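Summary of the model geometry
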Amino acid sequence: EEQGGPQAALEWLRPLELELRASDSGEAVSYELATLLARCELKAESVDSLLTLARSHPYPNGSMTDDAYFAASLFLEDLGRLDEAIAVLEEMLSPQEAAYNGSSYDRPRWPAAAYRLGVLQRDQKRDVDAAIRAFWRVYDRHRTSRVTDDALFEVARLEAGRGAEDKACAAIETLRTEN
């Protein structure tokens, strides 16, 4: 790709991906091909490939599952397919299960995906209620994440923006005392 550009890389990688798809490297190669499609301005095809990959290597077995869902959501937003971008993130986050001692397994992309749901609801859908719910979800499910304080701050900002100072103060108090 560095030497011949993304289209040359795509022509080189397509047959290799077909050959390696069933191997131990297949998932990673398929992910690289799918993201390369987006760099070739084939974002709709990229989304289809990413979602096929994520669904054929579901949680907890796939090593690229969350990356594929997250990238697909980004490309769907670029394509103006916001409801689908949101649905893909929801699908990604749906398999969260309990672990020992009442906690849960938290995969690395989950907090960012949960936060991104709030951003999409706030900035693209202009749905303040849904954005607040999504940002609270970051706090509820990913308390130790680096984005949790950002999510609580966004709740406070949105609540203050609509005149709900008591709810804004409650979010700031949660941020102050628990993070």
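Located above this text is the structure these notes cover.
Below you will find a few notes about this structure. In this text the structure is predicted, and so the values were computed from the model without any measurement. (Residues numbered from 1 in each chain as written. Predicted model: local features only at pLDDT ≥ 70, side-chain atom pairs only at ≥ 80, totals over all residues. Heavy atoms only, no water.)

A pair of packed helices is captured by two measures, namely the crossing angle of their axes and the spacing between those axes. Closest axis-to-axis distance for the helix H5 (residues 82–93)/helix H6 (residues 110–124) pair is 10 Å, and the angle between their directions is 155 degrees. On the basis of their axis angle, the class for H5 and H6 is roughly antiparallel. In the crossing of H5 with H6, the sense of the turn from one axis to the other is left-handed. For the pair H5 and H6, the contacting residues are Leu82, Ala85, Ile86, Leu89, Glu90, Met92 and Leu93 in the first and Trp110, Ala113, Ala114, Arg116, Leu117, Leu120, Gln121 and Gln124 in the second. (Axes fitted to C-alpha atoms, helices over the stretch in contact; angles between N-to-C directions. Helix = DSSP H or I, 4+ residues; strand = E, 2+ residues; numbered from the N terminus. Parallel < 35°, antiparallel > 145°, perpendicular 65-115°, else oblique. Left-handed = near helix turned anticlockwise from the far one by under 90°. Contact = heavy atoms within 4.5 Å.)

This part is about the layout of surface pockets. The calculated volume of the largest pocket comes to roughly 260 Å³. In this structure, the largest pocket is lined by 14 residues; those nearest its centre are Glu17, Arg21, Ser30, Ser49 and Thr52. Only helix H1 (5–20), helix H2 (26–39) and helix H3 (43–56) provide two or more residues apiece to the lining of the largest pocket. No other element matches H3, which puts 5 residues into the lining of the largest pocket. When its residues are assigned to classes, the lining of the largest pocket shows 5 nonpolar, 5 polar and 4 charged. (1 Å grid on protein atoms, 1.4 Å probe; cavity = no way out; pocket = protein on both sides within 12 Å on 5 of 7 lines; lining within 4 Å. Points joined across faces, edges and corners; volume = space filled by probe spheres on them. Nonpolar A, V, L, I, M, F, W, Y, C, P; charged D, E, K, R; others polar.)

Mapped onto the fold, Phe135 is located in helix H7 (residues 128–141). By relative accessible area, Phe135 is classed as buried at 0%. Not counting the four nearest positions on each side in its chain, Phe135 is found in contact with Tyr115, Gly118, Val119, Arg122, Ala151, Glu154, Val155 and Leu158. (Buried < 20%, exposed > 50% of the residue type's maximum accessible area, 1.4 Å probe, protein only.)

The next subject is the side chain of Glu27. Following the sequence through the fold, Glu27 ends up in helix H2. Reaching out from Glu27, the side chain makes a polar contact with the backbone nitrogen of Met64 at a distance of 2.8 Å. Not counting the four nearest positions on each side in its chain, Glu27 is found in contact with Leu53, His57, Gly62, Ser63, Met64 and Thr65. (Polar contact = N/O pair within 3.5 Å; in protein donor to acceptor, adjacent residues only side chain to side chain.)

For Leu36, the position within the fold is in helix H2. Leu36 gets classed as buried once you look at its relative accessible area, which sits at 3%. Counting along the chain gives 77 residues from Leu36 to Ala113, while the straight-line C-alpha distance between them is 21 Å. Each residue touching Leu36, except ones within four places of it in the same chain, is listed here: Glu1, Pro6, Ala9, Leu10 and Leu13.

Residues Tyr31, Leu50, Leu89 and Phe135 are the most contacted members of the largest nonpolar core, which totals 40 residues. Of all the secondary structure elements, the ones that give two or more residues to this core are H2, H3, helix H4 (65–78), H5, H6, H7, helix H8 (148–161) and helix H9 (165–178). Tallying contributions element by element places H4 first for this core, with 7 residues. Those residues within four positions of Leu89 in sequence are excluded, and the remaining contacts are Phe70, Ser73, Ala113, Arg116, Leu117 and Leu120. Grouped together as the second largest cluster of nonpolar side chains are 8 residues, Ala9, Val29, Leu33 and Cys40 included. (Core = buried A, V, L, I, M, F, W, Y, C linked by side-chain atoms within 4.5 Å.)

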